[in-house]
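This is what each chain is made of:
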Amino acid sequence: MRVVSVFGSDVWLGGESPRLYHSNDDGTTWHLVQLPSKSIGAHAVTHIVFRGEQVGIVEADDGTQWSTVDGGQTWK
């Protein structure tokens, strides 16, 4: 893992390939989040910023970004 972001009881972990994990119970259980393919290689998630429970941005080390407006249910 490379980065951790916490907003309330939501915890987000980012890592290699790029992998994103989410826990909505303070880290008791975890789910792998599938980010849409954006033609990136074996890069890593390096930034996770949530400005509310629903709105967030994830960025990889090559500058690729994904955003959500529904708490991570969908990503663009």
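Please read these numbers as outputs of a predicted model, since none were measured by experiment.

## Some details on the sheet that holds strand S6 (residues 56-60)
Where strands meet in a sheet, backbone hydrogen bonds hold them as pairs that are either parallel or antiparallel.
And step 1. Spatially, three strands are ordered S5-S6-S7 in an open sheet, and the strand pairing comes out antiparallel. Whereas interior strands pair on both sides, the edge strands pair on one side only; in this sheet they are strand S5 (45-50) and strand S7 (65-68). Going across the sheet, the axis of each strand differs from the next one's by a mean of 10 degrees, ignoring polarity.
And step 2. Sheet topology places S6 next to S7; four bridges connect them, and they run antiparallel.

## Digging into the pattern of salt bridges
And step 1. Inspection of every chain in the model, using the stated rule, returns one salt bridge.
And step 2. Here Glu-16 makes a salt bridge to Arg-2, at a shortest N to O gap of 2.8 Å. With Glu-16 in the loop between strand S2 (10-15) and strand S3 (19-23) and Arg-2 in the segment before strand S1 (3-7), this residue pair connects regions lying 14 residues apart in the sequence.

Calculation notes
Residues numbered from 1 in each chain as written. Predicted model: local features only at pLDDT ≥ 70, side-chain atom pairs only at ≥ 80, totals over all residues. Heavy atoms only, no water. Pairing = 2+ DSSP bridges. Helix = DSSP H or I, 4+ residues; strand = E, 2+ residues; numbered from the N terminus. Axes fitted to C-alpha atoms, helices over the stretch in contact; angles between N-to-C directions. Salt bridge = Lys/Arg side-chain N within 4 Å of Asp/Glu carboxyl O.

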